[in-house]
Amino acid sequence: MNSMNDTGDVAGPASGQTSHTRRLLGLAGTGFIATLAAIVATTLAAALAQAVGVDFEVPDGGETIPLPGFAVVTGFFSVVGIVIAVALLRWSARPAERFVWTALSLTAISLVPPLLVGANTATITALLGLQLVPATVMIPILARSLRTRTDDDPATDNARRKGMRESQ
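Residues numbered from 1 in each chain as written. Predicted model: local features only at pLDDT ≥ 70, side-chain atom pairs only at ≥ 80, totals over all residues. Heavy atoms only, no water.

## A short note on the overall build of the chain
The number of helices and strands found in the chain is 6 helices and 2 strands. Mapped from its N terminus to its C terminus, the chain presents α and β elements in the order α-β-β-α-α-α-α-α. The buried share of the chain, reckoned over its 168 residues, is 28%. The long-range fraction of contacts in the chain, counting pairs at least 24 apart against all pairs at least 6 apart in sequence, stands at 73%. (Helix = DSSP H or I, 4+ residues; strand = E, 2+ residues; numbered from the N terminus. Buried < 20%, exposed > 50% of the residue type's maximum accessible area, 1.4 Å probe, protein only. Contact = heavy atoms within 4.5 Å.)

## Considering the packing of helix H2 (residues 67-91) against helix H3 (residues 95-110)
Running from N to C, H2 and H3 cross one another at 150°; their axes reach a closest spacing of 9 Å. Considered as vectors, H2 and H3 are oriented roughly antiparallel to each other. Note that H2 runs across H3; the crossing there is right-handed. Contacts between H2 and H3 pair Gly81, Ile84, Ala85, Leu88 and Leu89 from the former with Pro95, Arg98, Phe99, Thr102 and Leu106 from the latter. Residue composition of the contact of H2 with H3, grouped by class: 7 nonpolar, 2 polar and 1 charged. (Axes fitted to C-alpha atoms, helices over the stretch in contact; angles between N-to-C directions. Parallel < 35°, antiparallel > 145°, perpendicular 65-115°, else oblique. Left-handed = near helix turned anticlockwise from the far one by under 90°. Nonpolar A, V, L, I, M, F, W, Y, C, P; charged D, E, K, R; others polar.)

## Topic: the pattern of salt bridges
Proximity of charged atoms lets side chains of opposite charge pair with each other. In this structure the tally under the stated criterion is 1 salt bridge. A salt bridge links Glu97 to Arg94; the shortest N-O distance between them is 3.5 Å. Taking relative accessible area as the criterion, Glu97 reaches 41% and is therefore assigned partly exposed. (Salt bridge = Lys/Arg side-chain N within 4 Å of Asp/Glu carboxyl O.)

## Details of the nonpolar core
Grouped together as the largest cluster of nonpolar side chains are 17 residues, with contacts concentrated most on Leu27, Ala85, Phe99, Met138, Ile139, Leu142 and Leu146. Among the elements of the structure, helix H1 (13-51), H2, H3 and helix H5 (121-151) are those that each provide at least two residues to this core. A total of 7 residues in this core trace back to one element, the largest contributor, which is H5. Counting residues in each nonpolar core, the second largest holds 8 residues, with Ala46, Phe70, Leu127 and Leu130 among its members. (Core = buried A, V, L, I, M, F, W, Y, C linked by side-chain atoms within 4.5 Å.)

## As for the side chain of Ser92
Checked against the element boundaries, Ser92 lands in the loop between H2 and H3. One polar contact links Ser92 to Arg98, side chain to side chain, over a distance of 3.4 Å. Those residues in contact with Ser92 that sit more than four places away from it in its chain are Ala87 and Arg98. (Polar contact = N/O pair within 3.5 Å; in protein donor to acceptor, adjacent residues only side chain to side chain.)

## Focus: the environment of Thr136
Residue position: Thr136 is located in helix H5. Separated by 29 residues in sequence, Thr136 and Thr107 have C-alpha atoms that sit 10.0 Å apart. Within the structure, Thr136 has its side chain in polar contact with the backbone oxygen of Val133 (distance 2.8 Å).

## Examining a nonpolar patch on the surface
The grouping of Val73, Phe76, Phe77 and Val80 at the surface amounts to a nonpolar patch, some 380 Å² of accessible area in total. Its location among the elements puts Phe77 in helix H2. Look at Phe77 and you get exposed, because its relative accessible area is 54%. (Patch = residues over 30% accessible without salt bridge, like charges linked within 9 Å, V, L, I, M, F, W, Y side chains within 5 Å. Areas by Shrake-Rupley, 256 points an atom, 1.4 Å probe, with all protein chains shown as cover.)

Put into structure tokens, the structure is as follows:
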């Protein structure tokens, strides 16, 4: 006779995979909402700068940057930030910390091009400020989301406890 103790509990890759997928989707959803907020904030800031007289004319091409251009560029690079955050959540032991350092480094690099285009001082100053607007929206939101999602992960919690035992 074959006897089985079936309690109905299943512990395996499927339950961990579902939790991990939920965390990734939650981060992507949070990132999408933050992207919309960054687009709105940046476009409004650019419109305000135009209202006070900044022309956003770039001498290299002789063209003026249109308001929708700010929205498109902000949206694109915000999505790049989300992809970086998702990758770090997937493959890094400290995703929030690594994300902040990566995002701050990329933000610093993004401040260089406005200085090189040869625009007037008002345009350069506005462009520098407009680089910082989406960064101040996206970086804290994604970093907080990475911290929350990592801290709630039982695997990360177990690894943290194991590391604490080994260091004692």
